[in-house]
Amino acid sequence: MLKQNELIAKVKQLVELDEQISACMMYGSFTKGEGDQYSDIEFYVFLKDDTVSAFDSAKWLYEVAPYSLLYQNEYGTEVVIFENLIRGEFHFLSEREMNIIPSFKETGFFPDTKSMFIYDETGQLEQYLSGLGGSGPKKLTEENVNFLLNNFSNLWLMGINVLKRGEYARSLELLSQFQKNILQLIRIVEENADNWLNMTKNLEKEISPESYEKFRRTTARLEKSELHEAYKNSLLFIIELYKHLERRYQLTVSHDFFEKLLYYMNE
């Protein structure tokens with residue numbers, strides 16, 4: 001048995017026994033049939049409203065398993081690294097905050113909502129989860145395409161300017177930002193947007209080998225020549241993607257504009 005499955009079973013046991021907890025759901029790889037020995041475990045734990053202030057999350061997580069690190073990240077999530085080096089993310093919320101669940105629909109595709117269910121004594125959780133089923137949010141839209149092309153153009157021009165100035169670290173940072181736009185545009189062209197927000201997840205399996213190779217050419221180390229090549233390849237790839245996109249969408253930025261950027265790069 002995977003170490004993660006042992007931890008998941010322990011969480012299920014604890015929430016069923018703990019009178020402070022009214023419901024619990026899991027999300028992430030193990031609810032999508034993708035969990036493996038390298039995956040995290042991720043949960044929402046809903047506390048009875050009158051127990052929130054007294055609940056000791058650090059003590060409770062130690063009952064799941066001894067850990068080496070526990071802290072609250074910038075999103076307010078309890079991040080734990082257990083002694084076996086399995087990562088966990090736990091959101092401890094009040095029962096009245098369970099109505100946050102419908103908002104998850106906008107974050108992606110949930111193929112098996114039943115696998116997300118861990119425990120519920122309120123009767124609300126299962127109802128909320130059922131609403132997450134069906135197709136994911138529409139991402140193959142004209143609005144998204146135009147935003148991504150515009151945002152790429154802005155970040156690329158900013159990046160090439162600082163690269164020309166000699167700010168290589170900053171140009172690398174900007175490269176990593178507009179690479180996300182490239183990945184989402186690939187997913188739109190190939191009509192595979194299930195991992196829209198986490199666009200690198202399963203990338204090796206979810207986009208074509210040809211697109212993967214072209215994306216690989218947009219990566220670079222912190223060296224001037226590599227950065228210049230990555231910026232050039234990024235723009236050439238966008239011009240190629242543009243040709244596919246203009247057949248299906250009304251685009252607000254012109255092909256000539258990208259050619260102008262290419263000319264500017266070589267000045």
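Structure: see above.
Procedures and definitions
- Residues numbered from 1 in each chain as written.
- Predicted model: local features only at pLDDT ≥ 70, side-chain atom pairs only at ≥ 80, totals over all residues.
- Heavy atoms only, no water.
- Buried < 20%, exposed > 50% of the residue type's maximum accessible area, 1.4 Å probe, protein only.
- Helix = DSSP H or I, 4+ residues; strand = E, 2+ residues; numbered from the N terminus.
- Arc of directions from axis to C-beta.
- Polar contact = N/O pair within 3.5 Å; in protein donor to acceptor, adjacent residues only side chain to side chain.
- Salt bridge = Lys/Arg side-chain N within 4 Å of Asp/Glu carboxyl O.
- Phe/Tyr/Trp six-rings, centres within 6.5 Å; stacked < 30°, edge-to-face > 60°.
- Lys NZ or Arg CZ within 6 Å of the ring centre and 35° of its normal.

Caption draft 1: Highlighting helix H2 (residues 57-64). Burial in H2 covers these residues: Ser57, Trp60, Leu61 and Val64. Viewed along the axis of H2, the buried residues span an arc of 95°, placing them on a single side of the element. At the N-terminal end of H2, a side-chain oxygen is found 3.2 Å from the backbone nitrogen of alanine 58, two or three residues along, and the residue is aspartate 56.

Caption draft 2: Representation of the pattern of salt bridges in the model. For the coordinates displayed, the defined rule picks out 16 salt bridges. One salt bridge in this structure joins aspartate 40 and arginine 87, with 2.5 Å as the shortest N-O distance. Here arginine 87 lies in strand E5 (residues 87-94) and aspartate 40 lies in the loop between strand E1 (21-27) and strand E2 (41-47), a separation of 47 residues in the sequence. When its relative accessible area of 22% is taken as the criterion, aspartate 40 is described as partly exposed. For arginine 87, a relative accessible area of 28% corresponds to the partly exposed category. Among the salt bridges present, the one from glutamate 240 reaches lysine 214, with a minimum N-O distance of 2.5 Å. With glutamate 240 in helix H8 (residues 224-245) and lysine 214 in helix H7 (residues 209-216), this pair connects stretches of sequence that are 26 residues apart. Of the residues examined, lysine 214 reaches a relative accessible area of 27% and is grouped as partly exposed. Taken together, the salt bridges that share partners define one network made up of Asp40, Arg87 and Glu89.

Caption draft 3: Representation of the packing of aromatic side chains within the structure. All told, the structure shown has 15 aromatic pairs when counted by the stated rule. Members of the aromatic cluster, joined through ring pairs, are Phe43, Phe55, Trp60, Phe90 and Phe92. Seen from the ring of phenylalanine 110, lysine 32 lies directly overhead, with NZ or CZ sitting 5.9 Å from the centre.

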